[in-house]
Amino acid sequence: MYVCLCQGITDGQIRNAVQGGCCTYRDVRIALGVGTQCGKCACVAKQIARETLGEE
Ligand code: FES
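Trainee: What should I look at first to understand the overall build of the chain in this one?
Mentor: The helix and strand tally for the chain stands at three helices and two strands. Taken from the N to the C terminus, the helices and strands of the chain come in the order β-β-α-α-α. Relative to the 2.2 N^0.38 estimate, which gives 10 Å for 56 residues, the radius of gyration of the chain is 10 Å and therefore close to what a compact globule would have. Principal-axis analysis of the C-alpha atoms places the extent of the chain at approximately 25 × 20 × 20 Å. Across the 56 residues that make up the chain, the buried fraction comes to 30%. A fraction of 47% describes how many contacts in the chain between residues 6 or more apart in sequence connect residues 24 or more apart. Across the chain, the mean location of the 6 positive side-chain charges is 10 Å away from that of the 5 negative side-chain charges.

Rules behind the numbers
- Residues numbered from 1 in each chain as written.
- Predicted model: local features only at pLDDT ≥ 70, side-chain atom pairs only at ≥ 80, totals over all residues.
- Heavy atoms only, no water.
- Helix = DSSP H or I, 4+ residues; strand = E, 2+ residues; numbered from the N terminus.
- Rg over C-alpha atoms; globule rule 2.2 N^0.38 Å.
- Buried < 20%, exposed > 50% of the residue type's maximum accessible area, 1.4 Å probe, protein only.
- Contact = heavy atoms within 4.5 Å.
- Lys, Arg positive; Asp, Glu negative; His and termini not counted.
- Charge placed at Lys NZ, Arg CZ, Asp CG, Glu CD.

Structure below.
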């Protein structure tokens, strides 16, 4: 599922980024560029990152 249409980022890519060493949503944002354009995806992207980090 696409989370960020501006950058073409999927939920799987966000999970992979977290599993690959991103410790915060901020890290994911820097690594993938998710939420850096229109910002509409930020809430969902943050939620997926948090869920994957286990701090739901
Ligand atoms: Fe992610 Fe626009 S949908 S920045």
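Now that the structure has been shown, the text picks up again.
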